[in-house]
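Each chain, letter by letter, is given below.
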There are 2 protein chains.
Amino acid sequence: MKFGFFDDDRKEYVITTPRTPLPWINYLGNEDFFTLLSNTAGGYSFFRDARLRRITRYRYNNCPLDQEGFHLYVKDGDCVWNPGWQPVQTDLDAYCCRHGLGYTVIEGKKNGIRVSQEFAVPMGERCMLMRVTVHNGTGEAKTLQVFPYLEFCLWDAMDDSSNFQRNYSTGEVEVVGPAIYHKTEYRERRDHYAVFWANRGPDAFDTAREAFIGTYGSPAKPQAVFGTGCTDSVAHGWQPIAAQQFTLRLKPGESDTLIFGLGYIENPADQKWEKPGVINKKPAEAMIARYASPEAFDAAMEKLSAFWEELLSGYRVKTGDEKLDRMVNIWNQYQCMVTFNMSRSASYFESGMGRGMGFRDSAQDLLGFVHMIPERARERILDIAATQFPDGSAYHQYQPLTKKGNLAVGSGFNDDPLWLIAGTYAYLCETGDWSILDETVDFDNDPALAQPLMEHLRRSFRYTETHLGPHGLPLIGRADWNDCLNLNCFSEHPGESFQTTGPNEGPVAESVFIAGMFVKYGRAYADICRHIGLDAEAAEAEKAVAQMENGTVPGSAAPMTPSVMWSAGRNATRVRFSSSRRGCA
Amino acid sequence: MKFGFFDDDRKEYVITTPRTPLPWINYLGNEDFFTLLSNTAGGYSFFRDARLRRITRYRYNNCPLDQEGFHLYVKDGDCVWNPGWQPVQTDLDAYCCRHGLGYTVIEGKKNGIRVSQEFAVPMGERCMLMRVTVHNGTGEAKTLQVFPYLEFCLWDAMDDSSNFQRNYSTGEVEVVGPAIYHKTEYRERRDHYAVFWANRGPDAFDTAREAFIGTYGSPAKPQAVFGTGCTDSVAHGWQPIAAQQFTLRLKPGESDTLIFGLGYIENPADQKWEKPGVINKKPAEAMIARYASPEAFDAAMEKLSAFWEELLSGYRVKTGDEKLDRMVNIWNQYQCMVTFNMSRSASYFESGMGRGMGFRDSAQDLLGFVHMIPERARERILDIAATQFPDGSAYHQYQPLTKKGNLAVGSGFNDDPLWLIAGTYAYLCETGDWSILDETVDFDNDPALAQPLMEHLRRSFRYTETHLGPHGLPLIGRADWNDCLNLNCFSEHPGESFQTTGPNEGPVAESVFIAGMFVKYGRAYADICRHIGLDAEAAEAEKAVAQMENGTVPGSAAPMTPSVMWSAGRNATRVRFSSSRRGCA
């Protein structure tokens, strides 16, 4: 079965049916504001952190599937349809979704009416834009209704999906002209709100889900769309949403364009209010003004395009193999940037609620994007290192919003420390920026414990070197890179994590994978030491690496011979970075 | 608007439209197996604990609303409908839901076909039964298809709704004849499974949600029902369900009956397997055999009815006011029993995921049901007391499955200790069973710390007596009975619980409510002491109570005068239990 194709000229993947085997999503946003968007306009937005600062609500593992997102309803007489097919699922005469670099265009056609939704997160902005273009391709004048609709999340996605006793009583909005402000908890203890807006005033709006959808209604059949229209409802508690209704009158061949936005605004504590009970909307109004016209939207798209053009320009191959070129030149680098942005913390399967970003994940992901955005890789290395424990071990995950280690997950994944060396070494090799080693970085996010980054690397190395098992191989702790191999966990109790370790944590179980890492990144560590003149430390590290490689670690009960070691670990010492190197020999 | 009426003869609330303002639910189950069931057959089942042992999946705050449950699809030619209207929402010719005492009957009629679903959890069983009766009221022979459908939860409701990365890979089922076994994680570390069965073999079945519903389908339009039928799908991972398809051929005036069950089975560790990979089904088969016939179903209903008749027989009024009689004689007592069973830990708003059962809640709920089920009230008192801390304070909540205090919520709700005295005193007054005071009960679930229950009461009293603020009133700690009054919480940070207290926990903020409780239940404590011959302790307690009541607690900075004390606290000393008393004077 074929559901689409690559359009290399436009650097897009083009999906030609809405009925993909599962929703196929794109990741919009490169800085602070992110949207996951499916090929039928489902998805969700968040600011920095998919758990702690969720802007719109999404229901994972739902049935019906992928009902939440950024849907547009088109009402043409009695026929109601969506350009992305979902959620009404009216059969379309034509459909197309273009997932591009940081943007997505969804276009549908029905009974001669063509409607496109263009989505993008502009560079330097905390918002997503949606341009809607409606074209009357029929031979007669048409009066159409269009309705955008989204559901707000009450900020903390975990709380939002479990604590209804409280949440049903807290929702608050303000509506001013074409803008709907979601301000739940702003009064009590938040300095941020969300805003959904249109670039012109609607005929009507709704901010209460029940008013728009109906008690027993559904996104597939909202009562406001199928019935008598929006009713200017103002949400007090329950489920705040943003929905609007526009009447478009189009002559034959005529088009009309609307620009919508979903923004996130933070105000300083002393500038939260315009007057008592009324939020300070100035920053939102300025944002809205910046994207009032189609020209402004075009300019934002050009800026985004230039950003990606520049990012991808650093590393290009022309091999004669179309598929290889496409993957290396476009999609692998694009994926690496997405990984940089959210490090697998949010998807349609990874809810972003149970975890933050991984220490290991983020460190190893560096290898893929360090050549594209060395400055941001530098920042990421320092962020990760700041969550490391003073003994060299690490929180396995940290929250991107707070940049603090995640206590709920904890530590003890014994490959973590060496990944810090791996990521830093990749950065040094790519940039030659040795000054990073002198940066002062917290341990455990405590400034009182801060040390130069180089000291972090030393403790990473030492942690592995001093936590060895009976064969002289590194102890696995709770897990190594293969998260499913948890040698110390013999869980017999429901509800217990498979990554739990008992009172006998780690006295025996060893990881050949970490041994391989130690050989590879131990050499990298020695290389770094020698480069900055720490010859004695380098020699000592090289000796430890050689002992590990040769199975001659002193005190091992039964030294492992090299032939027993996992071949990937052995071969790791011969792997070299494939990107251009400006730093290392 | 009127949505139903009370049928006092049958002790039922009768709902006459499926379009109630929200789903109106009944609570089935009195022992270990519980089902929350809406008037349209939505809802969910669990074993003892709504979080840790969830049997079927439910999506709270969903849109569309209330799609999960125990729905039956009827396919009559091209017309598909549900007797409970949801989820297909085909208009019915007649509809009725009868929420009775521990059972619910939903009946719908369409095009001359009448279908009823009778739901009940039989006494002494870990299962729910659903009897389906289909009557052909037309003048012609009919061939109908009926499909029951439910979705399994992967046991831990919180994990089930957030950890998709793992959960999508773990689902396992077995199918044998008319029984579908849900056995996810049984192989690894569970000794329990669920089983859905019919009392005769279906034409076909499905256990994979996608096969029954379709990728982009919905419970409102399952592809198996609207399309070509069930396909005998066997779930491996993803979403295990139970769906079956039956063909019924009915002459004019003829009826047919099917009995379905949803059971929960625990096996001893050494009897888990019939053979490798095949679960031991003997206990399930025995359960299925017990309810194979309509007569067995009728007998179970009679037993349930007798149980309730007996329960409600202990306390009846005849006031001449129909509404008062109805509430006192039926519904208030019914509600109290539901509260006993799950202490507000599960509903359609309280997800049962974020908490267990309350220490305070359970203790005060005792007052409502102690006269109905004194033996079980006794057990509950001992369970609650076993979670108390040695200093007399208490975990605010505990998990009903493990009966252990819930660390996630913690302690510091300073009214909690006195509720233990309140509940125990009510029990003593009702039963005269003074032996309960001699029962040995753990502190903090640690047998090494066990003491007689009387010692628990003493520490409850002492805890309050010794945690006073500057006015000599009890410190509120994190909160008192009014959970929304959290005087020590000045949360300025998003995500922080409003019941968090800072480093300055409790040095000043006092609770007049707890002061009132201290007066009332301090007297109760003194009463208990005197009754068992602890005259000195009684005198001392009475003195402390009098000082609290008179605002003369020694050392108070500015003693509260009685007139300032909240009137409810003052009046509390004059309140007397309203139920019959067999124990106290």
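Relevant structure appears above.
The structure displayed is predicted, hence computed values, not measured ones.

Trainee: Tell me about the packing of aromatic side chains, residues and numbers included.
Mentor: Under the counting rule described, the total for this entry stands at 72 aromatic pairs over all chains. With 5.4 Å between their ring centres and 35 degrees between their planes, Tyr 44 of chain A and Tyr 58 of chain A make a pair best called tilted. Separated by 14 residues along the polypeptide, Tyr 44 of chain A in strand β5 (residues 43-47) and Tyr 58 of chain A in the loop between β6 (54-56) and β7 (71-76) bring together distant segments of the chain. Residue classification places Tyr 44 of chain A among the buried positions, given a relative accessible area of 0%. Put simply, the rings of Phe 34, Tyr 44, Phe 46, Tyr 58, Tyr 60, Tyr 348 and Phe 349 of chain A together with Phe 164, Tyr 168 and Trp 238 of chain B touch in pairs and so form one group of aromatic residues. Geometry around Tyr 186 of chain B places Lys 272 of chain B over its ring, the cationic atom sitting 4.8 Å from the centre.

Trainee: With reference to specific residues and values, describe the pairing of strand β18 (residues 240-250) of chain B.
Mentor: All names here are of chain B. Burial within β18 is extensive, with nine of its 11 residues counted as buried. Direction of pairing for strand β13 (residues 142-155) relative to β18: antiparallel, over a ladder of eight bridges. Within β18, the position partnered with Glu 151 by the bridge is Ile 241. By the bridge criterion, four bridges tie strand β17 (residues 204-208) to β18 in an arrangement that is antiparallel. By the bridge assignment for β18, Ala 204 is matched with Gln 245.

Trainee: Provide a residue-level description of the sheet that holds strand β11 (residues 113-120) of chain B, including the pertinent values.
Mentor: Residue and element names in this part refer to chain B. Strand order in the open sheet formed by 10 strands is β1-β2-β9-β10-β11-β12-β19-β16-β15-β14, and the pairing between neighbours is antiparallel. At either margin of the open sheet sits one strand with a lone partner, and together these are β1 (4-7) and β14 (173-176). In this sheet, neighbouring strand axes are inclined to one another by 15 degrees on average, regardless of whether the strands run parallel or antiparallel. Relative to β11, strand β10 (residues 103-110) is paired through eight bridges, and the arrangement is antiparallel. Within the sheet, the bridge partner assigned to Thr 104 lies in β11 and is Phe 119. Docked against the sheet, helix α7 (residues 322-342) engages β1, β2 (12-15) and β9 (94-99), running at close to 85 degrees with respect to β1.

Trainee: Give me the lowdown on the relation of the copies chain B and chain A, citing residues and values where you can.
Mentor: Mapping chain B onto chain A leaves a residual RMSD of 0.0 Å; the transformation is a rotation of 180 degrees accompanied by 0.0 Å of translation along its axis. The relationship between the two copies is best expressed as a two-fold rotation axis. With an isologous cut-off of 70% or more, the 100% of interface residues of chain B that recur at the interface of chain A puts this contact in the isologous class.

Trainee: Provide a residue-level description of the sheet that holds strand β16 (residues 192-198) of chain A, including the pertinent values.
Mentor: Residues and elements named next belong to chain A. Taken in spatial order, the 10 strands of this open sheet run β1-β2-β9-β10-β11-β12-β19-β16-β15-β14, and their pairing is antiparallel. The sheet is open, and its two borders are formed by β1 (4-7) and β14 (173-176), each paired with just one other strand. On average, each strand axis in the sheet is tilted by 15 degrees relative to the strand beside it, whichever way the strands run. Both β1 and strand β2 (residues 12-15) contribute to a ladder of four bridges, which runs antiparallel. The residue bridging Phe 5 from the neighbouring strand is Val 14, located in β2. Where helix α5 (residues 282-290) meets the sheet, its contacts fall on β12 (127-136), β15 (179-182), β16 and β19 (255-266), and the angle it forms with β16 comes to roughly 35 degrees. Of the strands in this sheet, β10 (103-110), β11 (113-120), β12 and β19 touch helix α6 (residues 294-313), which is tilted by about 125 degrees from β12.

Trainee: I'd like to hear about unusual backbone geometry, residue by residue, with values.
Mentor: Residue and element names in this part refer to chain B. In this structure, the amide linkage connecting Cys 63 to the following residue, Pro 64, adopts the cis form with an omega of 5 degrees. Locating Pro 64 in the fold gives a position in the loop between β6 (54-56) and β7 (71-76). Here the residue pair Gln 86 and Pro 87 is connected by a cis peptide bond, since its omega of -5 degrees sits within 30 degrees of zero. Summarising the element assignment, Pro 87 is placed in the loop between β8 (79-81) and β9. Despite not being glycine, Trp 238 has its phi angle at roughly 50 degrees, a positive value. Structurally, Trp 238 is set in the loop between α4 (223-226) and β18. Its relative accessible area of 38% is what places Trp 238 among the partly exposed residues. With phi around 50 degrees, Asp 444 is a residue other than glycine that occupies positive phi space. Position of Asp 444 relative to the elements: it lies in the loop between β25 (440-443) and β26 (446-452).

Trainee: So what's going on with the pattern of salt bridges? Which residues, and what values?
Mentor: Inspection of every chain in the model, using the stated rule, returns 82 salt bridges over all chains. The partner of Glu 125 of chain A in a salt bridge is Arg 290 of chain A, and the shortest N-O contact between them spans 2.5 Å. Here the residue Glu 125 of chain A occupies a position in the loop between β11 and β12, and Arg 290 of chain A occupies one in helix α5, the gap between them amounting to 165 residues. Its relative accessible area of 9% is what places Glu 125 of chain A among the buried residues. The class of Arg 290 of chain A is partly exposed, set by a relative accessible area of 43%. With its nearest N and O atoms 3.0 Å apart, the salt bridge here joins Arg 166 of chain B to Glu 185 of chain B.

Trainee: Before we move on, could you go through the nonpolar core and cite the residues and values that matter?
Mentor: Grouped together as the largest cluster of nonpolar side chains are 147 residues, with contacts concentrated most on Phe 119, Val 134, Trp 308 and Phe 369 of chain B. Top element by residues in this core is helix α12 (residues 512-531) of chain B. It accounts for 12 residues. For Val 134 of chain B, the residues in contact, after removing those within four places along its chain, are Ile 113, Arg 114, Val 115, Leu 144, Val 146, Leu 248, Leu 250, Glu 254, Ser 255 and Asp 256 of chain B. If you look at the next biggest cluster of nonpolar residues, it comprises 146 residues, including Phe 46, Leu 101, Ala 120 and Trp 155 of chain A.

Reading guide: rules and limits
Residues numbered from 1 in each chain as written. Chains lettered and ligands numbered in written order. Predicted model: local features only at pLDDT ≥ 70, side-chain atom pairs only at ≥ 80, totals over all residues. Heavy atoms only, no water. Phe/Tyr/Trp six-rings, centres within 6.5 Å; stacked < 30°, edge-to-face > 60°. Helix = DSSP H or I, 4+ residues; strand = E, 2+ residues; numbered from the N terminus. Buried < 20%, exposed > 50% of the residue type's maximum accessible area, 1.4 Å probe, protein only. Lys NZ or Arg CZ within 6 Å of the ring centre and 35° of its normal. Pairing = 2+ DSSP bridges. Axes fitted to C-alpha atoms, helices over the stretch in contact; angles between N-to-C directions. Contact = heavy atoms within 4.5 Å. Least-squares fit on C-alpha atoms with pLDDT ≥ 70 in both. Salt bridge = Lys/Arg side-chain N within 4 Å of Asp/Glu carboxyl O. Core = buried A, V, L, I, M, F, W, Y, C linked by side-chain atoms within 4.5 Å.

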